[in-house]
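Each chain is listed here by its residues.
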Amino acid sequence: LSVHNLFQSNMVLQRDKPVRVWGWAEPGENVTVSFGGHSQSGTAAADRAWKVELPAMAASAEPRRLAVQGSRQKVELE
């Protein structure tokens with residue numbers, strides 16, 4: 001389970017725009033992305049690629065954690 005290198009701890013995301021997150025996992029693996037109180041799930045395709053889109057969110061000065069959960073692993077970015 002991995003996310004694209006674009007996603008790193010201490011990143012800044014565009015406000016008021018959908019949050020698109022993508023990466024790779026085992027083919028057929030269900031992946032759930034959680035961020036800012038929202039969650040969205042997707043399934044890795046045969047080429048291992050997965051992607052999800054979270055709703056647009058307002059700006060916030062509070063740090064948020066991006067969590068990507070697969071069937072056996074979890075990736076967290078702060």
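To keep things clear, this report deals only with the structure shown in the data block. (Residues numbered from 1 in each chain as written. Predicted model: local features only at pLDDT ≥ 70, side-chain atom pairs only at ≥ 80, totals over all residues. Heavy atoms only, no water.)

### As for the overall build of the chain
The condition is simple: Helix and strand assignments come from DSSP, with helices taken as H or I runs of at least 4 residues and strands as E runs of at least 2, each series counted from the N terminus. The reference for a compact globule is 2.2 Å times residues^0.38; the radius of gyration itself is calculated from the C-alpha atoms. Note on classification: 1.4 Å probe, protein chains only; a residue is buried when its accessible area is under 20% of the maximum for its type, exposed when over 50%, partly exposed between these limits. We call two residues in contact whenever any of their non-hydrogen atoms come within 4.5 Å of each other. Here the Shrake-Rupley method, with its probe set to 1.4 Å, supplies the accessible areas, and only the displayed protein chains count as covering residues. The charged-residue count follows a simple rule in which Lys and Arg add positive charge and Asp and Glu add negative charge, with His and chain termini not counted at all. Charged side chains are reduced to one point each, which is NZ for Lys, CZ for Arg, CG for Asp and CD for Glu.
When you go through the chain residue by residue, the secondary structure sums to zero helices and seven strands. Reading the helices (α) and strands (β) of the chain from amino to carboxyl end gives β-β-β-β-β-β-β. In summary, the chain has a C-alpha radius of gyration of 12 Å against a globular reference of 12 Å for 78 residues, a match within 12%. With the principal axes as the frame, the chain shows a C-alpha extent of 35 × 20 × 20 Å. Looking at the 78 residues of the chain, the share that counts as buried comes to 28%. Considering only intrachain contacts with a sequence separation of at least 6, the fraction spanning at least 24 residues in the chain is 49%. A total of about 5,200 Å² of accessible surface is found on the chain, and carbon and sulfur atoms cover 46% of it. Between the centroid of the 9 positive side chains of the chain and the centroid of its 8 negative side chains there is a distance of 3 Å.

### Focus on a nonpolar patch on the surface
Threshold: Surface patches are drawn from residues lacking salt bridges whose relative accessible area is over 30%; two like charges belong together within 9 Å, two nonpolar side chains (Val, Leu, Ile, Met, Phe, Trp, Tyr) within 5 Å. The term salt bridge refers to a side-chain nitrogen of Lys or Arg lying within 4 Å of a carboxyl oxygen of Asp or Glu.
Where nonpolar side chains cluster on the molecular surface, the patch consists of Leu6, Trp22 and Trp24 and spans about 280 Å² of accessible area. Structurally, the position occupied by Trp24 is in strand β2 (residues 19-24). A relative accessible area of 32% means that Trp24 is categorised as partly exposed.

### Quick notes on the sheet that holds β2
Condition: Pairing between two strands is assigned when DSSP locates at least 2 bridges connecting them.
The three strands lie next to each other as β1-β2-β5, forming an open sheet whose pairing is antiparallel. Across the chains shown, the open sheet's two edge strands, defined by having one partner strand only, are β1 (2-3) and β5 (49-54). Of the strand pairs in this sheet, β1 and β2 are connected by two bridges, and their pairing is antiparallel. Along β2, the bridge assignment pairs Val3 with Gly23.

### Section: the pairing of strand β7 (residues 74-77)
Summarising the sheet, strand β6 (residues 66-69) and β7 pair through four bridges and their orientation is antiparallel. By the bridge assignment, Val68 is partnered in β7 with Val75. Joining the antiparallel neighbours β6 and β7 is a turn of four residues.

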